[in-house]
Every structure is written in structure tokens, then in C-alpha cells.
Amino acid sequence: MARISVMINNTQHSFALTEAGLKIGRQLENDIVLNHAFVSRQHAVIELRGRQPWVKDLESRNGVFVNRLRIRNEQLYDGNVISIGPFELHFEDRAAQTIIFDDNRYFPLAAQGQAMRNNQIAETINLQEFYAIGMRLNQVVNYYELLDLVIEEVLRVVPAQRGFLLLRKGAELVPMVVHPSNQGDVVVSSTIVRKALEQSEAVLTRDARIDFASSESIISANIRSAICVPLLQQGTSIGVILLDSPGSDQFTERDRDLVSALASQAAVAIERSRLTEELRQQAQVRQNLERFLSPNVAQALSRHVLQYGKLWEAEEQQVTILFADIKGFTTLSEKMTPHEVQDLLNEYLHEMTDVIFRYNGTVDKYIGDGIMAIFGAPRLPDDTFNEMHATYAVAAALEMQMAQKRLVDKLASRPGLDKTFSIRIGVNTGLAYTGFFGTSHRLEYTAIGDTVNTASRLETAAEPGSVYIGPLTREAVAGEFLLKEVGSLQLKGKKQEVFAYRVLGRKSQ
């Protein structure tokens, strides 16, 4: 079903993933031996749960990472990179065997091709049985179970020694099912496959032979018959089904037409299942990202993750950081029940987050009643740099103050204790180290560095109901907002004083 590839001592190794699983570690008893001090003796295991591949950390000292995120127990998808110590193990969701396209070892001397036509189905297969096969294919939800079932159904209708299902992945034709499995490298004819793919023809070979200097024994050993049928989806070949058996004249035109009829059913089911799996993965990734990103950014990032299989490396970049905090929240909460505190926080954080998202900010984290947000990141690797992030951050800060006042007015109309409160906000622009950190179950995008620390200290120094900004933020927004000099502040943890400004509002247009 799948294989793991890893470079060990400058040599590429591949390991087939079977029902027995793959044990990974430093001990020689493991299936994949990684001899390094950072690798535990029994570090991890990759196993099949049903048809689904999973990787599990066996309480290793230095952990297991999938696409740079530390995991304990994680389902694997095609293209995932598992990092264990200095080793990168590449998971390929494909048949473990390698298929070699070589006409020098398997060349069809006589091949008949015929365009696939659905109106031949009634002439070649019992329609009731054809309908039953279609129902069985459409009832399978799991993508990988479906691929196996396709070959099982084809071989049941047209028995052959070998059966293959290959699908396009970009420019590559990848073997997804090889039957029987565990037969080592498999040689097939590139001519047969290319004709089926490029001409959308069902190909039947009568006598697929090779000529080795008239050696009758070698010729006899290599005579094979084959059927190769494209999987067509909206006129485009998404892959092929290939059957072959030893000897000449092993298949008939009826066999070819039977496989063609089944391929038509299979192509629709495969594409449906593939899209369903892709949407499921995208929804899962987007749901995780939408916890702290604006919906449009989360959607873009989820597409990137599915396309490239991983998040990009952390990087240093120019961003604007915003910190907001409720002044005197501890005193206020002493007068309220825990349930009332929860309700107040939920309403407050909801209002503030909506404002941040409207200005394309990223909620880094909630710290009790505090909020940290990033503007200007994350952005996709190909996105152009947006110089407006400081303006967006300051505009969001002012609107957060207005949203807070509206919330206080709404709370004042409710009976009970006085819930009046104010917030203070600090904003600072500069270089920060930004990236995704955490695990696949708790993924956070964050920024670290002096720029972040200064923004936090500006918030602490700000007067209730005000927005304080740093020097670089002031340079970026001076033309947009009315500012008042606060002066040099000795912020906690800073050796040098920071000149701060208070934002009074937008300049009139």
C-alpha cells in the first residue's frame, strides 16, 4: 500500500509498509535502524489501522515530527515528511513495489488499440452484474480501500497473473495497487501504457515478446499478454488499469471490453473519492487554522498545506504586534461569579477578535483577558509584502477601543453588578521571528523577538482607554493618524528607553 524512503549513510533505502508495521529506532531489532545519538532505541512505529497509515511516538527522548510539527500519534498522508533526529523519512502513499517502464525487457510486437465506448457495455457484460459492481464501488468511502477494490473486481471478471492500478500525480505515473504484492520490482511496457494514456485507447496485446539473439528459451520465458485501459474522467486520463499474464493470446477482445467497462465505473468512483478525501483534509486543516487566523488567510494556508504537504519554515520579517489587556480585570472578577467572568470574557474576546480579523490580523494567543495579535504575517511564500500592516494594526486598535465602549454600554443595560471596564493597547513595528509552532493537534502561529516584547511593555505602560505605539509604527502611520508624544519610557526589561506616542484618532480626510 505504501512505503517509507530514507537516506541512511548516503544511501537511499525504501521500506514497504505492511500489516506488520515498521518499527523505527537505534536498536538492530528495528525494521528501520537509525544509528544516531538523537534516536531512541525504540523511537517510533508506523502501522496500518485498517487501511490508514499512522505514526506513533514510542515515548522517545527527542520526539517525532511530521512536517515539522511534533506529534504523539498522527495519521499519515502522501508526501508527509517524518523527522526523527537528523533523519527525514518520506511517506509515499503508493504501492511499495517499483514499476519499471522498459520496452527492452517487455516490448509488444503486436498491439491492438480501440477507443473506449460505453455503448459496448451491454454486449460484453451482464448489466445487472455491471450495476452491482458500480454499487460496490460507490459504497466505499475510503480512498485506498476503493483502489484495492477496483483491482479485485477487475481480476474477478478477467483473471490475470498480475494486475496494476497506476494514477497520475503531476507528471508522474504512480503505482497505487500492485497485485500480487511483494514481488519486487515489476517491469511493464512503456509503449502499452503510453498508448493507453495518450490516445485514450484500451490496448490488447496478442504477443508481447522480446528478441534476445534468437534465444528460444529467453523468448519463451518472456512472452506475455496484456490489457491496458485508461481511466478517463471528463475525457482526461487520470491513470490506467494494466493486466498481464504469461504466454500469448491470453486475453480476448471481450476481456478488453470488460475491463474498459469497469474502468469507466472505476474512474468516476476514484475521482469522487479523491475529491472527498481532499475536501475532508482541507476542512480539517482550515478548522485548525481558523482558531487564530482570519477566514480568508486560513483558507489560503489550508490550500498551501494540501498542495505542498507542509508549512514553510519560520522566518524573520517585518511585522506589527498588538497587545491588548483589560485594566483592573482581577479586581473586577472578584465581584463576579466564575460563570459571569466566563460570559464577560467570551463576549469581550469575541468582539476584539472580530475587529482583528477585519483588518487581516492574526490572533497569536489569548492570555487570560489579554490578546496578542500579529499584522503583516503570516503570508504565503509567493505573496508580495504588504506595507500597510502598521496602519491596519493601529486602525484595529482604535476600533477595538470603540468596540469595548459598545460592549460596556450593552452590559450596563443588564441587571447585576457594575461591569464597567477599560482596555489599554500597545502596538509596535519591527523585525520578529515568525512561524508555526506546536503539534498538529495544537498548532500556533507566533512571533518572537524584541519587537514583541516592546509591544507588550507599551501595552503595560499605556493609560486605560488609550493606544500607545512605538517609533517605527509612528513612522509608518504618521500620515494617517493624529499622534501625541508621550515621551521616553523606561519599559520593564529594556535597558534603553523607548519613545512612545499616543494615538488620538484618524486624521480627517
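Here, every reference points to the structure presented above.
Keep in mind the model is a prediction, meaning the values are calculated, not measured.

Procedures and definitions
- Residues numbered from 1 in each chain as written.
- Predicted model: local features only at pLDDT ≥ 70, side-chain atom pairs only at ≥ 80, totals over all residues.
- Heavy atoms only, no water.
- Helix = DSSP H or I, 4+ residues; strand = E, 2+ residues; numbered from the N terminus.
- Buried < 20%, exposed > 50% of the residue type's maximum accessible area, 1.4 Å probe, protein only.
- Contact = heavy atoms within 4.5 Å.
- Expected span 1.5 Å × (residues − 1).
- Pairing = 2+ DSSP bridges.
- Axes fitted to C-alpha atoms, helices over the stretch in contact; angles between N-to-C directions.
- Salt bridge = Lys/Arg side-chain N within 4 Å of Asp/Glu carboxyl O.
- Polar contact = N/O pair within 3.5 Å; in protein donor to acceptor, adjacent residues only side chain to side chain.
- Core = buried A, V, L, I, M, F, W, Y, C linked by side-chain atoms within 4.5 Å.
- Phe/Tyr/Trp six-rings, centres within 6.5 Å; stacked < 30°, edge-to-face > 60°.
- Parallel < 35°, antiparallel > 145°, perpendicular 65-115°, else oblique.
- Left-handed = near helix turned anticlockwise from the far one by under 90°.

Draft legend 1. View of the environment of Val 66. Turning to its location among the elements, Val 66 is positioned in strand 7 (residues 64-66). Using a relative accessible area of 7% as the deciding quantity, one classes Val 66 as buried. Distance in space between the C-alpha atoms of Val 66 and Glu 88 is 9.5 Å, their sequence separation being 22 residues. Leaving out residues up to four positions away in the same chain, Val 66 has contacts with Val 55, Ile 71, Leu 76, Asn 80, Val 81 and Ile 82.

Draft legend 2. A look at helix 3 (residues 143-157). Taking 1.5 Å as the rise per residue, helix 3 with 15 residues should run 21 Å; its terminal C-alpha atoms sit 22 Å apart, in good agreement. Along helix 3, the residues classified as buried are Tyr 143, Tyr 144, Leu 146, Leu 147, Leu 149, Val 150, Ile 151, Glu 153, Val 154 and Leu 155.

Draft legend 3. The sheet that holds strand 1 (residues 2-8), seen in detail. The strand order across the open sheet formed by six strands is 2-1-11-10-7-8, and the pairing between neighbours is antiparallel. Sheet topology places strand 2 (11-17) and strand 8 (69-71) at the edges, where each strand pairs with a single neighbour. Pairs of neighbouring strands in the sheet enclose a mean axial angle of 30°, with direction left out of account. Bridge count between strand 7 and strand 10 (residues 81-84): two bridges; the pairing is antiparallel. Within the sheet, the bridge partner assigned to Phe 65 lies in strand 10 and is Ser 83.

Draft legend 4. Representation of the pattern of salt bridges. Within the structure shown, the criterion is met by 13 salt bridges. Between Arg 3 and Glu 92 there is a salt bridge, with the nearest N and O atoms lying 3.0 Å from each other. Within this pair, whereas Arg 3 is found in strand 1, its partner Glu 92 is found in strand 11 (residues 87-92), the two being separated by 89 residues in sequence. On the basis of relative accessibility, which here comes to 11%, the residue Arg 3 falls in the buried class. By relative accessible area, Glu 92 is classed as partly exposed at 21%. Each of Arg 136, Glu 153 and Arg 156 takes part in one network of salt bridges that share partners.

Draft legend 5. Up close: the side chain of His 43. Residue placement: His 43 occurs in the loop between strand 4 (32-33) and strand 5 (44-49). A distance of 2.9 Å separates a polar side-chain atom of His 43 from the backbone oxygen of Gly 63. Dropping the residues within four chain positions of it, His 43 is found in contact with Ile 24, Gly 25, Phe 38, Lys 56, Asp 57, Leu 58, Ser 60, Gly 63, Val 64 and Ile 84.

Draft legend 6. A look at the nonpolar core. If you look at the biggest cluster of nonpolar residues, it comprises 41 residues, and the most contacted ones within it are Leu 322, Tyr 348, Phe 421, Ile 425 and Val 427. For this core, the secondary structure elements donating two or more residues are strand 20 (315-327), helix 8 (329-334), helix 9 (338-358), strand 22 (370-375), helix 10 (389-412), strand 23 (422-438), strand 25 (467-469) and strand 27 (498-506). In terms of residue count, the dominant contributor to this core is helix 10 (12 residues). Apart from residues lying up to four places away in sequence, Phe 421 is in contact with Ile 326, Leu 332, Leu 344, Tyr 348, Gln 404, Leu 407, Val 408 and Leu 411.

Draft legend 7. A look at the pairing of strand 22. Counting buried residues in strand 22 gives six out of six residues, a clear majority hidden from the surface. Of the two faces of strand 22, the one carrying Gly 370, Met 372 and Ile 374 and the one carrying Ile 371, Ala 373 and Phe 375 are both buried. For strand 21 (residues 362-367) and strand 22, the ladder comprises five bridges, and the chain directions are antiparallel. Within the sheet, the bridge partner assigned to Ile 367 lies in strand 22 and is Gly 370. Count of turn residues in the strand 21/strand 22 antiparallel hairpin: two residues, of which Gly 368 carries a positive phi of about 65°.

Draft legend 8. Spatial organisation of helix 9. Relative to the 30 Å expected for 21 residues at 1.5 Å per residue, helix 9 spans 30 Å between its end C-alpha atoms, a close match to the ideal helical length. When helix 9 is considered as a whole, its buried residues turn out to be Val 341, Leu 344, Leu 345, Tyr 348, Leu 349, Met 352, Thr 353, Val 355, Ile 356 and Phe 357. Positioned one or two residues after helix 9, Asn 360 has a phi angle of 60°, which is positive.

Draft legend 9. Representation of the packing of aromatic side chains in the model. Going through the model one piece at a time under the given rule, you end up with two aromatic pairs. On the basis of an interplanar angle of 90° and a centroid distance of 6.0 Å, the ring pair of Tyr 348 and Phe 421 is categorised as edge-to-face. With Tyr 348 in helix 9 and Phe 421 in the loop between helix 10 and strand 23, this residue pair connects regions lying 73 residues apart in the sequence. Given the relative accessible area of 6%, Phe 421 is considered buried. Between Phe 499 and Tyr 501, the ring centres sit 5.2 Å apart and the planes meet at 55°, which makes this aromatic pair tilted.

Draft legend 10. Geometry of unusual backbone geometry. A cis amide bond links His 179 to the next residue, Pro 180, at an omega of -5°. Tracing the backbone through its elements, the reader meets Pro 180 in the loop between strand 15 (172-179) and strand 16 (186-188). Positive phi, normally seen in glycine, also occurs at Asn 10, with a value near 65°. Mapping Asn 10 onto the fold places it in the loop between strand 1 and strand 2. One non-glycine residue with positive phi stands out, namely Glu 59, at about 55°.

Draft legend 11. Spotlight on the environment of Gly 493. Secondary-structure assignment places Gly 493 in the loop between strand 26 (481-489) and strand 27. Sequence separation between Gly 493 and Asn 453 is 40 residues; the distance between their C-alpha atoms is 8.6 Å.

Draft legend 12. Looking closely at the sheet that holds strand 3 (residues 22-25). Spatially, five strands are ordered 4-3-5-6-9 in an open sheet, and the strand pairing comes out mixed. Looking at strand neighbours, the two that pair on one side only are strand 4 and strand 9 (73-75), the edges of this open sheet. With three bridges connecting them, strand 6 (residues 52-57) and strand 9 associate as antiparallel partners. Each residue of the ladder has a partner; that of Val 55, found in strand 9, is Glu 74.

Draft legend 13. Main features of the packing of helix 9 against helix 10. For the pair helix 9 and helix 10, interaxial distance at closest approach is 9 Å and the crossing angle is 150°. Judged by the inter-axis angle, helix 9 sits roughly antiparallel to helix 10. Between helix 9 and helix 10 lies a crossing of right-handed hand. Contacts between helix 9 and helix 10 pair Leu 344, Glu 347, Tyr 348, Glu 351, Met 352, Val 355, Ile 356 and Arg 358 from the former with Ala 396, Glu 399, Met 400, Ala 403, Gln 404, Leu 407, Lys 410 and Leu 411 from the latter.

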